[in-house]
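# Structure assessment
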Amino acid sequence: MEQDWPMLTEKLPFWLEESRKIASAGKVASYIPELARAPQDALGICIAGRDGRQLTAGDDTLSFTLQSISKVFTLLLALMDRGESAVFSKVGMEPTGDNFNSMLKLELVEPGIPFNPLINAGAIVVSSLIRGATPAEKTDRILAFFRELAGDDTLAVNEAVFRSETATAHRNRSLAYFLKDNKVLEENDDVEKVLEVYFRHCAVEVNCRSLARMALVLSLGGKDPETGRELIPRRYVQIAKTFMVTCGMYNESGEFAIRVGVPAKSGVSGGILALVPGRCGVGIVGPALNRKGNSVAGMKLLETLSAAFDWSQF
Ligand code: GLU
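To keep things clear, this report deals only with the structure shown in the data block. (Residues numbered from 1 in each chain as written. Predicted model: local features only at pLDDT ≥ 70, side-chain atom pairs only at ≥ 80, totals over all residues. Heavy atoms only, no water.)

## Examining the overall build of the chain
Heads up, the rule is: Secondary structure elements follow DSSP: runs of H or I no shorter than four residues count as helices, runs of E no shorter than two count as strands, and numbering proceeds from the N terminus. Whether a residue is buried, partly exposed or exposed follows from its accessible area with a 1.4 Å probe, protein chains only, as a fraction of its type maximum: under 20%, in between, or over 50%, in that order. For this analysis, residues touch if any pair of their heavy atoms sits within 4.5 Å. To measure how exposed things are, a 1.4 Å probe is used in the Shrake-Rupley method; for residues, cover is taken only from the protein chains shown. Charge counting follows a simple rule: Lys and Arg are positive, Asp and Glu are negative, and His as well as the terminal groups are ignored. Every charge is mapped onto a representative atom, which is NZ of Lys, CZ of Arg, CG of Asp or CD of Glu.
Helix and strand counts for the chain come out as 13 helices and 10 strands. Considering the chain as a whole, with its 314 residues, one finds that 57% of them fall into the buried category. In the chain, 69% of the contacts between residues at least 6 apart in sequence involve partners at least 24 apart. Surface summary for the chain: the accessible area is close to 12900 Å², and the carbon and sulfur share equals 50%. Charged side chains of the chain number 35 positive and 38 negative; the gap between the two group centres comes to 1 Å.

Shown next, in the form of structure tokens:
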């Protein structure tokens, strides 16, 4: 990585502007009304190296909400809270091939548990597994965890986005009630309280720098980049990275693995978290999405970087 910095520093602004040109081909998500306010042509990136260096370009200071990217980290916290066997008794390990908010397989396939923790149904179950007596207590623990990984004590929930999703999330509500009926959410899991935790962690606001720092921790196998202290057990990071490869980029995960070849997770806000194991963490925002729900310009920029620096793990 160190030998790549000079070329990266020189080329990144150009590559970013080249990628930005295709943002007009995408569409900003609007099913959560508040997300529709994001700027269509924005594109920002931060690359965080293991030596503490950060390289940024474009709209790297733009704030956006984590949305689905948060699912990687709530999975990690649930694994730390409950252990592997408890978590995977309630959520599977396989990609679905369906939309991220699909209900289809919950009914069609025995035993009715969500296929994986990165689709909405799976992430809602994971939210129910976070320790804490109340939604506020669970959210506080999630925030404390995210802040530590991001190296930013100011990370907070964007209340407007939270309220906007809460008011319009009919499908997520249906999924959650279905999971309750299937007894995947248990007797003492109040559906609305579980959803509150889920909507709040989706609405945590970041920028490219904080996102890149979270990615860097994963690229270092769970270690704090400054102190070397273990923040997440290596085994759990391995699990999270594997899900990122198999289901991190919605129904474009296979194509992304071929074109870019690194663990990554995107969200409907246009964020992408990507990491090159042992080398760097990457945070990107580009709100205009392609038909699969991934940042159209962000994908192009990652593809360019991967080709230039041989990032593919395969
Ligand atoms: N909060 C969003 C939802 O549940 C997250 C979706 C996403 O980013 O894929 O619809």
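## Let's talk about the pairing of strand β9 (residues 280-285)
Going by this rule: In this analysis, strands are considered paired if DSSP registers two or more bridges between them.
Buried residues dominate β9, accounting for 6 of its 6 residues. A two-sided burial pattern is seen for β9, the buried positions comprising C280, V282 and I284 on one face and G281, G283 and V285 on the other. Sheet analysis places strand β8 (residues 271-276) next to β9, joined by 6 bridges and oriented antiparallel. Counterpart to G271 in the pairing with β9 is V285.

## So, the side chain of N172
This is how it is decided: Counting of polar contacts relies on pairs of N or O atoms within 3.5 Å, with two restrictions inside protein: one atom must be capable of donating a hydrogen and the other of accepting it, and residues adjacent in sequence are counted only when both atoms are side-chain atoms.
Mapped onto the secondary structure, N172 falls in helix α8 (residues 170-181). Here N120 takes part through its side chain, which lies 2.9 Å from a polar atom of the side chain of N172. Discounting chain neighbours no more than four positions away, the residues touching N172 are N120, I124, E165, L195, Y198 and F199.

## A look at the pairing of strand β2 (residues 44-49)
Extensive coverage of β2 is indicated by the burial of 6 of its 6 residues. Burial along β2 is two-sided: the residues G44, C46 and A48 and I45, I47 and G49 are all buried. Alignment of β2 against strand β3 (residues 54-58), held across 5 bridges, turns out to be antiparallel. For G44, the partnering residue across the bridge sits in β3 and is G58.

## Topic: the packing of aromatic side chains
Quick note on the threshold: In summary, the pairing rule links any two rings of Phe, Tyr or Trp, Trp by its six-membered ring, whose centres are within 6.5 Å, and it sorts them by plane angle into stacked for under 30 degrees, edge-to-face for over 60 and tilted for everything else. Any Lys NZ or Arg CZ that is within 6 Å of a ring centre and within 35 degrees of that ring's normal is treated as a charge sitting over the ring.
Going through the model one piece at a time under the given rule, you end up with 7 aromatic pairs. On the numbers, 6.4 Å between centres and 35° between planes, the contact of F309 with W311 is tilted. Overall, F309 belongs to the buried group, its relative accessible area being 6%. Ring-pair connections join several aromatic residues into one group, and the members of that group are W15, F309 and W311. It is K105 that lies over the ring of F115; its NZ or CZ is 5.5 Å from the centre. Over the aromatic face of Y250 sits the side chain of K265, whose NZ or CZ is 4.5 Å from the ring centroid.

## Some remarks on the site of the ligand
Selection rule: Note on terminology: near, applied to a residue and a molecule or strand, indicates that one of the residue's heavy atoms is within 4 Å of it. Three classes are used, and their members are as follows: Ala, Val, Leu, Ile, Met, Phe, Trp, Tyr, Cys and Pro are nonpolar, Asp, Glu, Lys and Arg are charged, and the others, Gly among them, are polar.
Neighbouring residues of the ligand: Y31, Q67, S68, F100, N120, E165, N172, Y198, C202, Y250, G267 and V268. E165 has a polar side-chain atom sitting 2.8 Å from a nitrogen atom of the ligand. For the ligand, an oxygen atom lies 2.9 Å from a polar atom in the backbone of V268. For the ligand, whose unbound accessible area comes to 290 Å², protein coverage reaches 99%. Its residues placed into classes, the shell around the ligand shows 6 nonpolar, 5 polar and 1 charged.

## Considering the pattern of salt bridges
The cut-off we apply is this: When a carboxyl oxygen of Asp or Glu is within 4 Å of a side-chain nitrogen of Lys or Arg, the pair counts as a salt bridge.
Going through the model one piece at a time under the given rule, you end up with 19 salt bridges. With a closest N to O distance of 2.8 Å, R20 and E17 form a salt bridge. With R20 and E17 both in helix α1 (residues 5-20) and 3 residues apart, this pair spans about one turn of that helix. On the basis of relative accessibility, which here comes to 38%, the residue E17 falls in the partly exposed class. One salt bridge in this structure joins E255 and R259, with 2.9 Å as the shortest N-O distance. Residue E255 and its partner R259 are both found in helix α12 (residues 253-259); the two are separated by 4 residues, about one turn of the helix. A network of salt bridges, in which partner residues are shared, links E17, R20 and D59.

## Notes on the nonpolar core
Put simply, the rule reads: Residues grouped as a nonpolar core are buried Ala, Val, Leu, Ile, Met, Phe, Trp, Tyr and Cys residues, joined through side-chain atoms within 4.5 Å.
Within the largest apolar cluster, 78 residues are counted, with the highest numbers of intra-cluster contacts made by F73, L76, F146, L218, I232 and L273. For this core, the leading source of residues is helix α10 (residues 208-219), giving 8 residues. When neighbours within four sequence positions are excluded, L76 is seen to be in contact with F145, L218, I232, Y236, V237 and A240. Listed in part, the 32 residues of the second largest apolar core include V262, A274, V296 and L305.

## Section: the sheet that holds strand β5 (residues 156-157)
With antiparallel pairing, 3 strands are arranged side by side in an open sheet as β4-β6-β5. Two strands bound the open sheet, and with one partner strand each, they are β4 (64-65) and β5. As paired elements, β5 and strand β6 (residues 204-206) share 2 bridges and run antiparallel to each other. Bridge assignment links A156 to a residue of β6, and that residue is E205.

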